[in-house]
Amino acid sequence: MTLRTQWRRSTAILAMAGLLAGCSGGATPAPTDTAPATTAPDSAPPVESPSEAAGLPDCSDIGDITLTVGFSEAGEVIQDEFKKLAAEFEAQNPNVKIQINAKDWASAWDTIKLAMAGDNPPDVMQANHGWTINGALMKAGLILNLDEYATAFGWQDAFPASALKVQKFTTDGKTFGEGSIWSMTQAIQYVGVFYNKEKLAALGVTDVTTLDTKDAFLALLDQAKAAGELPVMLGDSDRWPALHNLSLFNGWYVPTEDINNWVFNVPGSTYNDAGHVQAGNDFRAWMEKGYYNEDALATSFNDAVARFGKGEGVFYIGGTWALGDIYKAMGDNAGFMLYPVGDSGKHAAVGGYSLPFVVSSKTKYPDCAASFVNFITQSPEAIAAQIAAGRPSSALAGANATIDNPLLKQMADEYARLNADNGLFTWEDWPTPTMGTLMMAQSQLLLGGQMTSEAYAKAVQDNWDEYMASLP
């Protein structure tokens, strides 16, 4: 894949180098350093867009087009902000119409690869890191290698190394986390504990730090159950929220380094060990004890968040992508905390970055598609949109963004505490092309009592071993 012409590529790289050289210490300017856009008077000459002025890949010189975008991020507030962000891109590129095809993640999971393999795929698609989606699309030649665009737009300097790592695969299809960049992501996300302040106060808890150990947290769940409250709201008809809950149990018993090594296919890693088995037993025990709602397997993610927002459940354990919807429903009655520490005495949580965007190898407008991905991930407008949606931007400039939402501020502070414990481990459904499908289906069997934790751990590791043996 090449940019529009060789001279355009050279101009883009030189222009970006100049822009970076003008920043203090090479850092990307914070969004608050950027003046608001103003409307030029009718008599003023046409104003070039930032991309045109810098010679970067853009949407000029292609006439009036429609750029199709597949979107599947969970959370109504996140989707609303994405639509606003797309409208801002249209305003800056009047010849471009953005057509957003939105699906819920459970539906998208089953159709992304088929859609991208079709005769008329979306120009830009929200996919997923790891081998299950991005890796499969890359190996099938269905998405563009974005290395040249990453250089042109300065992604190496605009995003942290951890964000870039999960966008990479080697072109020989052997290694995840190294090599070329195939996607880019918008936001930081991880799984934690939302709580209802009024319900906790009624149970005698006004300081959630008193719940910051496994034993104290479990005792409070028992207390809530005895008081007639639902301890934890869960909705898993979409097949992935319960899997995220199970990952937090893994963090109680398995070192984060061991989990990350397994996800990134380090030889000798295993899921079939005593820690994972104990985590699975705890996960099943929560359903048996009534900590989760009886209809968890028949309740969707959206419905679970809505029910929690209306006062059902003392806690909702889920991804921070629910923050915007929960704050909209509950306001200052909602709080957020890390999952309590387990046996290690340190916090651990599964997470990392939001669903990434890839560019179809069949698009007629690669420069425009890449320009759109760049705009929605690292522009000042993108950073502001993530804050409005209730999550920090993945761009380095997002670290300096002003946060007024108190729940988001609490989440950001907890994220800093998590990193201080080096407790973040990445999503466990990434290490093989079929791991996500296997885990989502069998974690439901485990939660429903139709599978033992020992059988689950063995099935997961067998899948990993078979994939590792298949590599060249």
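Refer to the structure printed above.
Described in the following lines is the structure provided in the data block.

What counts and how
- Residues numbered from 1 in each chain as written.
- Predicted model: local features only at pLDDT ≥ 70, side-chain atom pairs only at ≥ 80, totals over all residues.
- Heavy atoms only, no water.
- Core = buried A, V, L, I, M, F, W, Y, C linked by side-chain atoms within 4.5 Å.
- Buried < 20%, exposed > 50% of the residue type's maximum accessible area, 1.4 Å probe, protein only.
- Helix = DSSP H or I, 4+ residues; strand = E, 2+ residues; numbered from the N terminus.
- Contact = heavy atoms within 4.5 Å.
- Phe/Tyr/Trp six-rings, centres within 6.5 Å; stacked < 30°, edge-to-face > 60°.
- Pairing = 2+ DSSP bridges.
- Axes fitted to C-alpha atoms, helices over the stretch in contact; angles between N-to-C directions.
- Parallel < 35°, antiparallel > 145°, perpendicular 65-115°, else oblique.
- Left-handed = near helix turned anticlockwise from the far one by under 90°.
- Nonpolar A, V, L, I, M, F, W, Y, C, P; charged D, E, K, R; others polar.
- Disulfide = S-S within 2.5 Å.

1. What to know about the nonpolar core
Then comes step 1: Core analysis: the largest hydrophobic core is formed by 141 residues, its most contacted members being Trp155, Trp286, Phe315, Tyr316, Ile326 and Phe372.
Then comes step 2: Tallying contributions element by element places helix α16 (residues 366–378) first for this core, with seven residues.
Then comes step 3: Ignoring sequence-local partners within four residues, the contact set of Ile326 consists of Phe194, Val305, Phe308, Tyr316, Gly331, Ala334 and Leu407.

2. Some remarks on the packing of aromatic side chains
The description of an aromatic ring pair uses the distance of the two centres, along with the angle that the planes make with each other.
Then comes step 1: Throughout the structure, instances matching the rule amount to 33 aromatic pairs.
Then comes step 2: Ring geometry for Tyr190 versus Phe336: centroids 5.7 Å apart, planes at 85°, classification edge-to-face. On the criterion of sequence distance, the pair formed by Tyr190 in strand β6 (residues 188–196) and Phe336 in strand β9 (residues 334–337) is long-range, its members being 146 residues apart. Comparing Tyr190 with Phe336, the two get one shared label, buried.
Then comes step 3: Relative to Trp286, the ring of Phe217 lies with its centre 6.3 Å away and its plane at 40°, an arrangement referred to as tilted. One end of the pair, Phe217, is in helix α10 (residues 214–226); the other, Trp286, is in helix α13 (residues 274–288), with 69 residues separating them in the sequence.

3. A closer look at the sheet that holds strand β1 (residues 65–71)
Then comes step 1: One open sheet holds the four strands; their spatial order is β2-β1-β3-β11, and the pairing between them is mixed. In this open sheet, the two edge strands, each paired with only one partner strand, are β2 (96–102) and β11 (357–359). Averaged over all neighbouring strand pairs, the angle between strand axes comes to 20°, with direction disregarded.

4. Topic: the packing of helix α14 (residues 301–309) against helix α15 (residues 323–330)
Then comes step 1: Two numbers describe how α14 lies on α15: the axes approach to 9 Å, and their chain directions differ by 30°. As summarised for this structure, α14 and α15 are arranged roughly parallel, according to the angle between their axes. Considering only the axes of α14 and α15, their crossing is right-handed. Taking contact as the criterion, the partners of Val305, Phe308 and Gly309 in α14 are, on α15, Asp325, Ile326, Ala329 and Met330.
Then comes step 2: For the contact of α14 with α15, the residue count by class is five nonpolar, one polar and one charged.

5. Quick word on the state of the cysteines
Then comes step 1: Considering all chains together, one arrives at one disulfide under this definition.
Then comes step 2: Across a sulfur-sulfur distance of 2.1 Å, Cys59 and Cys368 are joined as a disulfide pair. Taking the sign of the torsion about the S-S bond as the criterion, the disulfide between Cys59 and Cys368, at about 90°, is right-handed. Residue Cys59 is located in the loop between α2 (50–54) and β1, and its partner Cys368 is located in helix α16; the two are separated by 309 residues in the primary sequence. Like Cys368, Cys59 is buried.

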